[in-house]
Amino acid sequence: MKDYLGIKQLWVKQVKIETNMKIGLCGTMSVGKTTLVNALMSLPEFEGYNFATERSKYLRDLGIPLNTDSTLKGQFVFLAERCAELMNENIITDRTVIDVMAFTKAAKSIDYYEAEAFCEAAYKLIPEYDYIFYVSPEGVEMEDNGVRTTDLKYRETIDSIIKLILYRSNHKIKHFVELKGTTEERIATIISHIIQTS
């Protein structure tokens, strides 16, 4: 275990992070959301939580188109997964309905009005998250995982749409924090913010 985790654990040792919360990470592709959730999974502060990480490869292998090729049916599958996560009382997930909305809006094969209707329904689920942490792409190199596109312009487009959705739904979000820096710095921000606000 790394020193920063040991130090952080000692600092929060007397403060148990509340369970019964729905914590979602959102952000464009290749910004470290899954890495971050996997790191949180190993921390005793989050014992008792369920963790959900991306299943893009699994869904792609089922024949569901991804990235700019996303279809309305495919996005309903992704939205259904986010809905299933929100049925848990203790959940930390590396995707939110906001991510699904952004990819739907950016899909070339989805009609504008269909995307708007889809997002209007998904929008109603945003208040269910107790915390939404936006993971910034700032300073993060894009990696090729063999599933997602490595098109930097598309990555920036998704990021812009996510930020726009966050701005427009700010009044619906209970707790919102932007995460930057290393995984260690992001973890410290998450823990300190939850302790300060719960």
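Residues numbered from 1 in each chain as written. Predicted model: local features only at pLDDT ≥ 70, side-chain atom pairs only at ≥ 80, totals over all residues. Heavy atoms only, no water.

Q: Describe the overall build of the protein chain, and please don't skip the residues or the numbers.
A: Check the secondary structure of the protein chain and you find eight helices and five strands. Counting helices and strands in the order they occur from the N terminus, the protein chain gives α-β-α-β-α-α-β-α-α-β-α-β-α. Relative to the 2.2 N^0.38 estimate, which gives 16 Å for 198 residues, the radius of gyration of the protein chain is 17 Å and therefore close to what a compact globule would have. Taking the principal axes of its C-alpha atoms as reference, the protein chain extends roughly 50 × 35 × 30 Å. For the protein chain, with 198 residues in total, the buried portion stands at 48%. Separation between the mean location of the 24 positive side-chain charges and that of the 28 negative ones in the protein chain comes to 1 Å. (Helix = DSSP H or I, 4+ residues; strand = E, 2+ residues; numbered from the N terminus. Rg over C-alpha atoms; globule rule 2.2 N^0.38 Å. Buried < 20%, exposed > 50% of the residue type's maximum accessible area, 1.4 Å probe, protein only. Lys, Arg positive; Asp, Glu negative; His and termini not counted. Charge placed at Lys NZ, Arg CZ, Asp CG, Glu CD.)

Q: Can you explain the pattern of salt bridges? Please cite residues and give values.
A: Applying the stated criterion across every chain yields a total of nine salt bridges. Between Arg 82 and Glu 81 there is a salt bridge; the shortest N-O distance is 3.4 Å. Glu 81 shares its class with Arg 82; the two are buried. The partner of Arg 82 in a salt bridge is Glu 85, with the nearest N and O atoms 2.9 Å apart. Of this pair, Arg 82 and Glu 85 both sit in helix 4 (residues 72-86), three residues apart, which is roughly one turn of that helix. (Salt bridge = Lys/Arg side-chain N within 4 Å of Asp/Glu carboxyl O.)

Q: Residues and numbers for the sheet that holds strand 5 (residues 176-179), please.
A: In sheet architecture, strand pairing relies on hydrogen bonds along the backbone and comes in two forms, parallel and antiparallel. The sheet built from five strands is open, its strands ordered 2-3-1-4-5 with parallel pairing. For this open sheet the edge positions go to strand 2 (50-52) and strand 5, each flanked by a neighbour on one side alone. Each neighbouring strand pair of the sheet contributes to a mean axis angle of 15 degrees, computed without reference to strand direction. Of the strands in this sheet, strand 1 (22-26), strand 4 (131-135) and strand 5 touch helix 7 (residues 152-168), which is tilted by about 150 degrees from strand 4. (Pairing = 2+ DSSP bridges. Axes fitted to C-alpha atoms, helices over the stretch in contact; angles between N-to-C directions. Contact = heavy atoms within 4.5 Å.)

Q: For the nonpolar core, give the residues involved together with the corresponding values.
A: Formed by 29 residues in total, the largest nonpolar core has its most connected members in Ile 126, Ile 132, Ile 158, Ile 162 and Leu 166. Breaking this core down by element, the ones donating at least two residues are helix 4, helix 5 (97-106), helix 6 (112-123), strand 4 and helix 7. Looking at which element gives the most residues to this core, the answer is helix 5, with seven residues. When residues no more than four places from it in sequence are discounted, the contact partners of Ile 126 are Val 97, Ile 98, Met 101, Ile 132, Ile 165, Ser 169, Lys 172 and Ile 173. Grouped together as the second largest cluster of nonpolar side chains are 22 residues, Leu 36, Tyr 49, Tyr 131 and Val 135 included. (Core = buried A, V, L, I, M, F, W, Y, C linked by side-chain atoms within 4.5 Å.)

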